[in-house]
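Listed below are the residues making up each chain.
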Amino acid sequence: MASELDTIVAPATPLGRGALAIVRIDGPRSADILEKLSAVSPDARLATLAQLSLDGEPLDECIAIRYAAPHSFTGNDLVELTLHGSPLLVERVIAAIVECGARLAEPGEFTERAVLNGKLDLVQAESIADLINSRTALQARLSLGNLQGVLSRRAAAVRESLLHVISRLEAALDFSEEGYEFITRDDARREIEHAIADVEALAETYRRGRATTSGLTAVILGRPNAGKSTLLNRLVGSDRAIVTPIPGTTRDIVRETIEIGGLPVTIADTAGLRTSGDVVEEIGVARAREAAASADIILYLVDASAGLTVEDELASYPDAIVIYTKTDLALAPQGALGISVKAENGIDELLNRLDAIVRDEFAAAAGSLVNERQRQAVLGGKEALATALVALDAGLDEPVILVDLYRASTSLGLLTGAITQEHVFAEIFSKFCIGK
Ligand SMILES: Nc1nc2c(ncn2[C@@H]2O[C@H](COP(=O)(O)OP(=O)(O)OP(=O)(O)O)[C@@H](O)[C@H]2O)c(=O)[nH]1
Ligand SMILES: [Mg+2]
């Protein structure tokens, strides 16, 4: 006999004082446990008032909702208790539930059960974690779209067309002696090429998808005294970095995150670029260059009253947005972006410009890949398809080509979990917190 699934329990809301707190019980004994604690056995999906107590000791008055398998988040029998929002009550109720035979849930175990029961695929499960972690509306929109299956459907469509080629090649193999032709090599070639194009387009969504879920980094560069720290302070709206008229004020990188174009952008203020001979400052300059190497956006500041000089390292940063500062003292060159924090000039134009860059170059729509696991699955598919194409062009037999096509299909299947691997599960769900 297969062993019965454990019944698990965890708080579903953060521990703290509030109006309400939710405790979730999942598994075959959930309804029995509710009945034991409250003498209530509510109809499925009917919010029911329940007095919880154990061994005559009152615990809380709550609203209980029972979900009957398979119509619940996890697909199992599930009970949700909405308690009064006190950490003490939550703790006592959970202890009582454990006493009745449930065990504490592992991180992500509710979502993992939903995946195992086919309620969600892996991409959707990952989207729940991303949705909960989103800090801007744009991030939330991407995660919600993927939770609703936009990326999963896109991946499934590619895999289905691939399975279609596979099945016709298999049929061709089975019936080759009868002289039937299920798919010509030309057709197979066209379809594989088509699949490669689809997979490449999918892989390309990763750049924006990653930027949208993780947020962006921007770095402010320029010679000493260009006004970098002043601009950072203006953008974050507080005196975050030290500003002085002495060149070489900033050494360590100062970072702050603000929202631009619907995404969180972490802006780094850096040490002014110059060769100073001062050991500490040299380290700061090295860190500034390092930060620039990995930044999504570079703002290169030039003091308009000093102008561009040979010491400006602009040539090393061809994608940098050049901003002339202190335009209250001197004009920026014709057509260049100029700001004066002192006179509050040009700041709105700069913000609009940054806003447009973030939206045009980094914002992702639903259906984008958002993490390395997803990207690897798609790249694996692409590599196998390319190998299949080479085998086809080399005139190799169907069985050889099929091996690569199956490999491609498996790799794409890993994306949504249509094909599963134990360690992938552990990896994904351990990143969740308890109760999800
Ligand atoms: N007139 C005027 N002065 C400014 C403006 N922005 C910055 N400054 C002044 O320029 C000097 C240098 O400013 P910072 O922001 O410290 O310059 P920085 O680029 O961070 O300098 P380092 O950290 O030394 O590399 C300070 O005295 C600021 O008050 C501006 O828009 N107008
Ligand atoms: Mg500074």
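Residues numbered from 1 in each chain as written. Chains lettered and ligands numbered in written order. Predicted model: local features only at pLDDT ≥ 70, side-chain atom pairs only at ≥ 80, totals over all residues. Heavy atoms only, no water.

Undergrad: Could you give me a rundown of the site of ligand 1, with the residues and numbers involved?
TA: Inspection of the region around ligand 1 gives 22 residues, with Lys228, Ser229, Thr230, Gly248 and Thr249 positioned closest. One nitrogen or oxygen atom from the main chain of Pro245 is found 3.5 Å from an oxygen atom belonging to ligand 1. Expressed as a share of its isolated accessible area of 650 Å², the protein-covered part of ligand 1 is 88%. Across the shell around ligand 1, the residue classes tally to eight nonpolar, ten polar and four charged. (Near = heavy atom within 4 Å. Polar contact = N/O pair within 3.5 Å; in protein donor to acceptor, adjacent residues only side chain to side chain. Areas by Shrake-Rupley, 256 points an atom, 1.4 Å probe, with all protein chains shown as cover. Nonpolar A, V, L, I, M, F, W, Y, C, P; charged D, E, K, R; others polar.)

Undergrad: Quick rundown of the nonpolar core? Include the residues and the values.
TA: Membership of the largest hydrophobic core comes to 32 residues, with the highest contact counts inside it found for Leu385 and Leu405. Where this core is concerned, the elements lending two or more residues are α6 (150-174), α7 (185-214), α11 (372-393) and α12 (398-416). Leave out the neighbours within four places in its chain, and Leu405 touches Leu162, Val165, Ile166, Leu169, Ile192, Leu385 and Ala388. (Core = buried A, V, L, I, M, F, W, Y, C linked by side-chain atoms within 4.5 Å. Buried < 20%, exposed > 50% of the residue type's maximum accessible area, 1.4 Å probe, protein only. Helix = DSSP H or I, 4+ residues; strand = E, 2+ residues; numbered from the N terminus. Contact = heavy atoms within 4.5 Å.)

Undergrad: Explain the sheet that holds strand β8 (residues 254-260) to me, and be specific about the residues and the numbers.
TA: Spatial strand order, β8-β9-β7-β10-β11-β12: six strands in an open sheet with mixed pairing. Across the chains shown, the open sheet's two edge strands, defined by having one partner strand only, are β8 and β12 (337-338). (Pairing = 2+ DSSP bridges.)

Undergrad: Outline the coordination of the magnesium ion (ligand 2), listing residues and values.
TA: Metal coordination angles have textbook ideals: 109.5 degrees for a tetrahedral set of four donors and 90 or 180 degrees for an octahedral set of six. Looking at the magnesium ion (ligand 2), the protein donor atoms are Ser229 (OG) and Thr250 (OG1), and they sit 2.0 Å from it. A residue pair is termed long-range when its members are at least 10 positions apart, and Ser229 in helix α8 (residues 228-236) and Thr250 in the loop between α8 and β8 qualify at 21 residues. The class of Ser229 is buried, set by a relative accessible area of 9%. With a relative accessible area of 11%, Thr250 lands in the buried category. (Donors = N, O, S within 2.8 Å, 3.2 Å for Na, K, Ca; no water.)

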